[in-house]
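Report on the structure
One-letter residues, chain by chain:
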Amino acid sequence: MFINFVVLFLLLGLRSEASQQDDIDFTYNGFQGVDMSLDGVAQITNDGLLMVVNTSMQQKGHAFYPHPIHFMNSSSGSVFSFSTTFVFAMFSEFAVSDPGMAFIIAHSRDFSSAWPSIYLGVFNKTNNGNSSNHVIAIEMDSIQNLEFDDIDSNHVGIDINDLKSVDSAPASYFSDQENRYVNLTLSSGRTLQLWVEYCGVQKQLNVTLAPFEVPKPKTPLLSFNIDLSPTIVDPMFVGFSSSTAVSKAPHYVLGWSFKMNGKAKDLTLSQLPKLPRMGPKTEPRIFTIGFPVIGASFMLMSIFIIQIIVARRKKFAEVYEDWELEYGPQRFKYKDLYIATKGFDDKELLGSGGFGKVYKGILPTSKVEVAVKRVSHDSRQGVKEFIAEIVSIGKLQHRNIVTLLGYCRRQGELLLVYDFMPNGSLDKFLFNQSTTTLSWNQRFQIIKSVASALLYLHEEWEQVVIHRDVKSSNVMLDKELNGRLGDFGLARLYDHGCDPKSTHVVGTFGYIAPELCKTGKASPSVDVFAFGIFLLEVACGRRPIQFHESEERLVLLEWVISSFNMGVILETADPKLEMNYEVEEMELVLKLGLLCSHSIPTARPSMRQVMYFLEGEASLPELRSLNGSLFFTAEGTGDDVSIWFPYHMSAVTPQSSIADSLLSGGR
Ligand SMILES: *[C@@H]1O[C@H](CO)[C@@H](O)[C@H](O)[C@H]1NC(C)=O
Ligand SMILES: *[C@@H]1O[C@H](CO)[C@@H](O)[C@H](O)[C@H]1NC(C)=O
Ligand SMILES: *[C@@H]1O[C@H](CO)[C@@H](O)[C@H](O)[C@H]1NC(C)=O
Ligand SMILES: *[C@@H]1O[C@H](CO)[C@@H](O)[C@H](O)[C@H]1NC(C)=O
């Protein structure tokens, strides 16, 4: 009797579930009047576009189908087959790319504690990688974040509870016509279509990308065998997540269809809403219009010529204001920089960081090799002060500082022209397996040159200059592999202080002194902190924070401290050196690294003291381990009493505004 009841119950349950499943099949050719559950900056525009993020920086937005969906076949315990497709367009502003967008299937619609920027509005630092997230995301990512092992800065990936994708590929599609893969740029504003299909029987997830005008390619971009059942906890929600960093460019979904247990309906191109026009695209469409009258053609010709002139003007347009007159010599012509970098050709790209991309160029008249950095900035606020500062920095002359030759301003964009450094940045030598390892002697010289550059900035120049972004990727190597500190003051352009209204700490995560998050005030000791982390990087050949396959992360500073506590500090030395180093120097650098990155600002030495320690003109304060804590005994105060500075491990990682600080990406 009882068993019968259970069977009946199960049957009823199945039936109601099956009929419920039949219902989930929707097609939105545009979102006009569509009921979506929106949060963050997401909105449906008057034109019926789903704008997942708008043009505000550091924002996130989510848009979900409002009703929960059952994905599990409760009788077999497996996940139903489903299929979805959507048409989207991601714009980006100037050279700074934005993180991107993701299609998500999630148990909860509450992403209020997820972070923007590289976390795509889906996860945050603590929950990323946790299997209790119950999130499946297909990311369209235009930032390469090495912490998440991103393959490049333009890829599609499958994320299971973790931004570290289980599978990913550079954005492209297989052209059946041309029989080859054709590359696509995600954040080009081009209208693209993505298909996500899961086969519950074969347990295979296929992701296919194509330009919207191209029919669905037969070969998917990603085809990954995975059983989604551990990740699904019924019911789930489906929708989109997107986030912005520093670029002010919106991300749109134009249409979306979804079907459970079947193929999602095709979207109709003609019914999709139109994208707003972005940027100065002045392609004349005149040629396509046939005019019988010759006179009219003449008129058109002249309009065409005027358009070309206007487009050319616009192309090379600059922003020039009266106050800049005095900076004449430091001002470059945009046209010259454009020619120098072959139109900012990707082939000339030297690298890209949080603030923008850097191109190699040869100045047209002087044939001087330069590096041109394109920085996008959001407003005129602070630009005047910034220009004044960089121009004055341009007057800094020090052999361990990358010379800033000048700048150029455009609408919403700043171009900085530096000396070209043929050997690139130090981080490549430290962390890339392929490049040659620097010897200890070379490293020690680089450390000393960076220290002397910082000392010059802090104490020896006419005004105190705080670098704010000391890290190995900002140390450039010249022809003779001398270290030269670059990228001054850029952080300042984005720094609006740390007042409660705008908590905005700029620097690079892993190098930010803990007090900076609390006070927001940059002082020379903030540079000393970052310099300490830099010392550890150079000595240990490791990044300040490393993520491993298992959810663990290795905080370099904590690791060196605990090795010191165990009396094995030398075991942290870079294995690539194969023990070829001066033990005393290595110990000095490691301990000095700990002293400089002390959590208490006043316990850190000044750069002048650092120079003394490095040159052997003063000896380091004694470092002791007591009950598992680390202490430095500073100089006696006249009597016998020493001041003890305990290390606060918890203060090592800044707790607030980390998302903001991630902006400048630790590369
Ligand atoms: C973006 O959307 C938010 C919320 O709707 C709004 O407050 C903000 O002003 C918008 N930003 C821009 C630049 O339109
Ligand atoms: C991360 O998100 C989880 C919820 O998913 C939340 O409990 C946690 O507080 C968040 N952590 C941070 C550091 O924001
Ligand atoms: C994963 O998240 C759950 C719930 O938020 C939490 O209890 C658990 O400790 C987290 N696991 C890890 C490894 O962080
Ligand atoms: C397409 O992109 C990949 C990865 O970014 C690159 O290796 C390849 O050379 C590109 N192919 C073409 C034809 O540009």
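Notes on the structure in this doc start here. Given the structure is predicted, the values throughout are model-derived calculations rather than measurements.

1. Things to note about the site of ligand 1
In the vicinity of ligand 1, the residues found are Val41, Asn54, Thr55 and Ser56. Within the side chain of Asn54, an N or O atom sits 2.2 Å from an oxygen atom of ligand 1. Protein chains shield 40% of the accessible area of ligand 1, which is 360 Å² for the free molecule. Partitioning the shell around ligand 1 into residue classes produces one nonpolar, three polar and no charged.

2. Remarks on the packing of aromatic side chains
Scanning the entire structure with this criterion turns up 28 aromatic pairs. With 6.3 Å between their ring centres and 70 degrees between their planes, Phe71 and Phe258 make a pair best called edge-to-face. With Phe71 in the loop between strand E5 (60-64) and strand E6 (72-73) and Phe258 in strand E19 (residues 251-260), the pair connects residues that are 187 residues apart, well separated along the chain. Overall, Phe71 belongs to the buried group, its relative accessible area being 0%. Look at Tyr334 and Phe344: their rings are 6.0 Å apart centre to centre, the planes differ by 20 degrees, and that puts the pair in the stacked class. In this pair, Tyr334 sits in helix H3 (residues 334-340) while Phe344 sits in the loop between H3 and strand E20 (349-353), placing the two residues ten residues apart along the sequence. We classify Tyr334 as buried; its relative accessible area is 3%. Judged by its relative accessible area of 8%, Phe344 falls in the buried class. It is Arg374 that lies over the ring of Phe344; its NZ or CZ is 4.1 Å from the centre. Positioned above the aromatic ring of Tyr334 is the side chain of Arg410, whose terminal nitrogen or guanidinium carbon lies 3.7 Å from the ring centre.

3. What about the site of ligand 2?
In the vicinity of ligand 2, the contacting residues are Ser113, Trp115, Asn124, Thr126 and Asn127. Between ligand 2 and Trp115 there is a distance of 3.5 Å, counted from an oxygen atom to a side-chain nitrogen or oxygen. At a separation of 2.9 Å, an oxygen atom of ligand 2 approaches a polar side-chain atom of Asn127. Look at ligand 2: alone it shows 360 Å² of surface, and the protein chains cover 45% of it. When grouped by side-chain class, the residues that make up the shell around ligand 2 number one nonpolar, four polar and no charged.

Analysis parameters
- Residues numbered from 1 in each chain as written.
- Chains lettered and ligands numbered in written order.
- Predicted model: local features only at pLDDT ≥ 70, side-chain atom pairs only at ≥ 80, totals over all residues.
- Heavy atoms only, no water.
- Near = heavy atom within 4 Å.
- Polar contact = N/O pair within 3.5 Å; in protein donor to acceptor, adjacent residues only side chain to side chain.
- Areas by Shrake-Rupley, 256 points an atom, 1.4 Å probe, with all protein chains shown as cover.
- Nonpolar A, V, L, I, M, F, W, Y, C, P; charged D, E, K, R; others polar.
- Phe/Tyr/Trp six-rings, centres within 6.5 Å; stacked < 30°, edge-to-face > 60°.
- Helix = DSSP H or I, 4+ residues; strand = E, 2+ residues; numbered from the N terminus.
- Buried < 20%, exposed > 50% of the residue type's maximum accessible area, 1.4 Å probe, protein only.
- Lys NZ or Arg CZ within 6 Å of the ring centre and 35° of its normal.

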